[in-house]
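Survey of secondary and tertiary structure
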Amino acid sequence: MTGADPDRLLLRRARRTLAIQHTAALAVILLIVGVVALLMVDHGQRAALATDLRQTAATEEDVVDPPEDSWIFRLSSDGKLSATEHAPNGFPDRAALDRVRAGGPAETTSREVGGVDYLIFTRQRRTTTVQVVGSLADQEAERHRLMLALGGAEALGLLVSAGTGLLLARRATAPLGEALDRQRRFVADASHELRTPLAQLHTRAQLLRGDLGDGAARADVDRLVAGTRELGEVVEDLLLSTQGVAGGGAEVDLGVLAAGVLAAAGDRARDQSVSLDLVADPDEPSLVRGREASLRRVLTALVDNALSHTPPGGHVTLELGRRAAARQVTVAVRDDGSGFDPRDARRIFDRFARGHDDHRRFGLGLALAREVVTGHGGTIEAHSTPGHGAVFTIRLPAG
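All of the points below concern the structure found in this document. Everything quoted here is computed from the prediction, not taken from an experiment.

Rules used in this analysis
- Residues numbered from 1 in each chain as written.
- Predicted model: local features only at pLDDT ≥ 70, side-chain atom pairs only at ≥ 80, totals over all residues.
- Heavy atoms only, no water.
- Salt bridge = Lys/Arg side-chain N within 4 Å of Asp/Glu carboxyl O.
- Helix = DSSP H or I, 4+ residues; strand = E, 2+ residues; numbered from the N terminus.
- Pairing = 2+ DSSP bridges.
- Axes fitted to C-alpha atoms, helices over the stretch in contact; angles between N-to-C directions.
- Contact = heavy atoms within 4.5 Å.
- Left-handed = near helix turned anticlockwise from the far one by under 90°.
- Nonpolar A, V, L, I, M, F, W, Y, C, P; charged D, E, K, R; others polar.
- Expected span 1.5 Å × (residues − 1).
- Buried < 20%, exposed > 50% of the residue type's maximum accessible area, 1.4 Å probe, protein only.
- Core = buried A, V, L, I, M, F, W, Y, C linked by side-chain atoms within 4.5 Å.
- Phe/Tyr/Trp six-rings, centres within 6.5 Å; stacked < 30°, edge-to-face > 60°.
- Patch = residues over 30% accessible without salt bridge, like charges linked within 9 Å, V, L, I, M, F, W, Y side chains within 5 Å.
- Areas by Shrake-Rupley, 256 points an atom, 1.4 Å probe, with all protein chains shown as cover.
- 1 Å grid on protein atoms, 1.4 Å probe; cavity = no way out; pocket = protein on both sides within 12 Å on 5 of 7 lines; lining within 4 Å.
- Points joined across faces, edges and corners; volume = space filled by probe spheres on them.

**Digging into the pattern of salt bridges**
Under the criterion given, the structure shown has 12 salt bridges. Close ionic contact of aspartate 42 with arginine 46 constitutes a salt bridge, the shortest N to O distance being 3.5 Å. Placement of both aspartate 42 and arginine 46 in helix α1 (residues 6–58) is noted, with a separation of 4 residues, approximately one turn of the helix. Arginine 143 is paired through a salt bridge with aspartate 42; the nearest N and O atoms lie 3.0 Å apart. Of the two residues, arginine 143 is situated in helix α3 (residues 137–211) and aspartate 42 in helix α1; the sequence distance between them amounts to 101 residues.

**Concerning the sheet that holds strand β7 (residues 275–279)**
Strand order in the open sheet made by the 5 strands is β7-β9-β10-β12-β11, with mixed pairing throughout. If you trace the sheet from one side to the other, it starts and ends with β7 and β11 (379–384), each paired once. Mean inter-strand twist for the sheet, computed between neighbouring axes without regard to direction, equals 15°. Here 8 bridges tie strand β10 (residues 328–335) to strand β12 (residues 390–397), and the two strands are oriented antiparallel to one another. Bridge assignment links glutamine 328 to a residue of β12, and that residue is proline 397. Here helix α5 (residues 254–264) sits on the sheet and contacts β7, β9 (315–323), β10 and β12; the angle it forms with β7, its principal contact strand, is near 175°.

**Brief notes about the packing of helix α7 (residues 292–308) against helix α8 (residues 365–375)**
Remark: α7 packs on α8, axes separated minimally by 9 Å, with the N-to-C direction vectors making an angle of 145°. As α7 runs across α8, the sense of the crossing is left-handed. Within the contact between the two elements, α7 uses Ser294, Leu295, Arg297, Val298, Ala301, Leu302 and Asn305 and α8 uses Gly365, Leu366, Ala369, Val372 and Val373. A per-class count over the contact of α7 with α8 returns 8 nonpolar, 3 polar and 1 charged.

**As for α7**
The end-to-end C-alpha separation of α7 is 24 Å, in line with the 24 Å expected for 17 residues at 1.5 Å each. For α7, the full list of buried residues reads Ala293, Ser294, Leu295, Arg296, Val298, Leu299, Leu302, Val303, Asn305, Ala306 and Leu307.

**What about the nonpolar core?**
Counting residues in hydrophobic clusters, the biggest one holds 37 residues, and the most contacted among them are Leu254, Leu302, Leu318, Phe392 and Ile394. Those elements giving two or more residues to this core turn out to be α5, α7, β9, β10, α8, β11 and β12. For this core, the element with the most residues is α7, which contributes 7 residues. Setting aside residues up to four positions removed in sequence, leucine 318 forms contacts with Ala258, Leu262, Asp277, Leu278, Val279, Val303, Val331, Ala332 and Val333.

**Details of the packing of aromatic side chains**
For the structure shown, the criterion picks out 4 aromatic pairs. A ring pair is formed by phenylalanine 349 and phenylalanine 392, whose centres lie 6.2 Å apart and whose planes are at 90°; its orientation type is edge-to-face. With phenylalanine 349 in the loop between β10 and α8 and phenylalanine 392 in strand β12, this residue pair connects regions lying 43 residues apart in the sequence. Comparing phenylalanine 349 with phenylalanine 392, the two get one shared label, buried. Clustering of aromatic rings is evident, with ring pairs tying together Trp71, Phe91 and Tyr118.

**Points about a nonpolar patch on the surface**
Taken together, the side chains of Val28, Ile32, Val36 and Met40 make up a nonpolar region of the molecular surface, amounting to roughly 380 Å² of accessible area. The exposure class of methionine 40 is exposed, given its relative accessible area of 58%.

**Comments concerning empty space enclosed by the protein**
Within the structure shown, the criterion is met by 1 cavity of 30 Å³ or more. Roughly 40 Å³ of internal volume is contained in the largest cavity. Forming the walls of the largest cavity are Leu254, Leu295, Val298, Leu299, Val331, Val373, Ile394 and Leu396. Of all the elements in the fold, those that place two or more residues in the lining of the largest cavity are α7 and β12. No other element matches the 3 residues that α7 contributes to the lining of the largest cavity.

**Focus: the pairing of β11**
Here β11 shows a clear split, with Ile380, Ala382 and Ser384 buried on one side and none of Thr379, Glu381 and His383 buried on the other. Sheet analysis places β11 next to β12, joined by 6 bridges and oriented antiparallel. Bridge pairing in β12 links histidine 383 to valine 391. Counting the residues that bridge the hairpin from β11 to β12 gives 5 residues, and of these glycine 387 lies at a positive phi of roughly 85°.

Listed below in structure tokens is the structure:
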């Protein structure tokens, strides 16, 4: 297992998410502004050139040298075509000339020739059909320079936005970090204060067991010793969790752990007339890496939950398996109790969540179980059919 702190990782992930969202929002705004600016510039350039072409066409009789990148074509009534010097290939637009010459209204069209856009204005002037062609090459070059400038400004804006977004995200999540630190200090202080009295209690229970001979009282004291030892392990595990130890590197046999959990729950199951069964293949290894105390808490919580919802005469089964292809060990806790609404399959692991139908509270046990499993790099799922029991499935990386 890694030594990374899951809570700190989630906090850093939240900061990155906020910063990315802030940057993405600004990027979209800048992109929209840039596109609108380019469209407005293009529209303005075309409108200005169209105005120039109309003015040139209106005074074409007096124009000897048309404006730069503009050319005049004249089609006389006898079909003779003349043009100013250096007119580009592909012109004039004979279709437009014919339409206007046939009595059509003046029209403005566009055409692309050799990768350059041209604007064309055609009108009838007495007996002569006049067509003025203007190149948009200079306007396109200007738009290209504008695009480069906008691109550079947007890149700079995104860099600044990323920095400010990260700064704002840190400030926004600072209270969460402080709350997390206070929570850890409280857990660490409480765990530290509990270690000594629990150790003393465990020692006294061991001394008491040594003073007793064989008999019924000895069995009860044995269970007391085991309980105080497990409680001490829980406190130790809580203390380690405040130090960022996610699971440790010890190898844990889930088969042995499951057998111990079922044995500890045996008295309660007998009192409720519920059978407990362990289904495992002795030849199939069920080793994982992690904290034994933490994993025991998970299995205990799932078995306790199953016993709480299984009526007398019911069955609770703990199944162990292995998915060789995925290198995973699976643990499934099944019962034939009341089950839960399938819509609660996800929220059942939330702290103090309420069910859809009966509005019962699910408490902390399952929420803590998910945190432990996630901290060990695994997953936990719940499935149920109301009135036909439930199954909780854990998948952990194989050791």
